[in-house]
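Fold and contact review
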Amino acid sequence: MIQVNAMGDACPIPVVKTKNAIKELNGAGTVETLVDNEIAVQNLKKMASVKGYEATSEQLGPNEFKVTMVIGEGAAADDADDTVYEACDITPRKKKIVVQISADHMGEGGEQLGKNLLKGFIYALSQQDVLPDTILCYNGGASITCEDSPALEDLKAMAAEGVEILTCGTCLDFFGLKEKLAVGEVTNMYVIVEKLSGADLIIRP
């Protein structure tokens, strides 16, 4: 048996501590968790219900409760966070995804092939269930957001869905494209660094 002291801990800490204790069992066994409020009791029992564990609760004092979970043979603790989210009714934070486009082509080799690949990449990106938060275009990639870009319609479709599309102003000036920007907004290097620094996932085609 493993005892967990989660007195004074706010959700989801009691559930996380209990989940980790169940992992320590490495099989069948019992985990007892002490908490100081009814909400924590309900969350722990919800976790047990989600995972199929037997669970009982007992009030030991005015602000002291014990939740006992019995884990059967063959049961395994889930490493994913879904159990914690379900038990505590927490909506997981969406990862910030940033796509970084620094050329008008994808990969090296055939020039036209690279341009076709990038067009295909941007189309495939627009069809994903989870769209990126931001698309950053700089250097040769600045032309992708301008008039006559083969990917313009797909970029506009993503912009309509709330995707932030930013193109380096210095790059637009260098290539003489500032008046031809057709989707998104002009940005600067400070913002580019800020967006990349705050990203959970950076995709570079």
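Residues numbered from 1 in each chain as written. Predicted model: local features only at pLDDT ≥ 70, side-chain atom pairs only at ≥ 80, totals over all residues. Heavy atoms only, no water.

Here we take up the confidence of the model for the protein. In regions of low pLDDT, the predicted coordinates are not meant to be interpreted in detail. Per-residue confidence for the protein averages 91 on the pLDDT scale, and 91% of its residues sit at or above 70. Mean pLDDT values over the elements of the protein span from 68, in helix α3 (residues 82-88), up to 98, in strand β6 (residues 134-137). (pLDDT = per-residue confidence, 0-100. Helix = DSSP H or I, 4+ residues; strand = E, 2+ residues; numbered from the N terminus.)

The next point concerns the state of the cysteines. One pass over the structure, following the stated rule, counts 0 disulfides. There is no disulfide at Cys137, and the cysteine sulfur nearest it, in Cys146, is 8.9 Å away. Under the relative-accessibility criterion, Cys137 is labelled buried at 1%. (Disulfide = S-S within 2.5 Å. Buried < 20%, exposed > 50% of the residue type's maximum accessible area, 1.4 Å probe, protein only.)

Per the stated rule, a full pass over the model turns up 1 aromatic pair. On the numbers, 5.1 Å between centres and 90° between planes, the contact of Phe174 with Phe175 is edge-to-face. (Phe/Tyr/Trp six-rings, centres within 6.5 Å; stacked < 30°, edge-to-face > 60°.)

This part is about the nonpolar core. The biggest cluster of nonpolar side chains holds 21 residues, and the ones touching the most others in it are Ile22, Val31, Val35, Met69 and Ile71. Among the secondary structure elements, those contributing two or more residues to this core are β1 (2-5), α1 (13-25), β2 (29-35), α2 (38-51), β4 (64-71) and α3. For this core, the leading source of residues is α2, giving 5 residues. In this structure Ile71 touches Ile22, Leu25, Gly27, Ala28, Gly29, Val31 and Tyr53, once residues within four positions along its chain are discounted. If you look at the next biggest cluster of nonpolar residues, it comprises 17 residues, including Val99, Phe121, Cys137 and Leu155. (Core = buried A, V, L, I, M, F, W, Y, C linked by side-chain atoms within 4.5 Å. Contact = heavy atoms within 4.5 Å.)

What follows is about the environment of Val84. Topologically, Val84 is positioned in helix α3. With 72 residues separating them in the primary sequence, Val84 and Lys156 have C-alpha atoms 37 Å apart. Apart from the residues within four sequence positions on either side, Val84 is in contact with Pro12, Val15, Val16 and Lys19.

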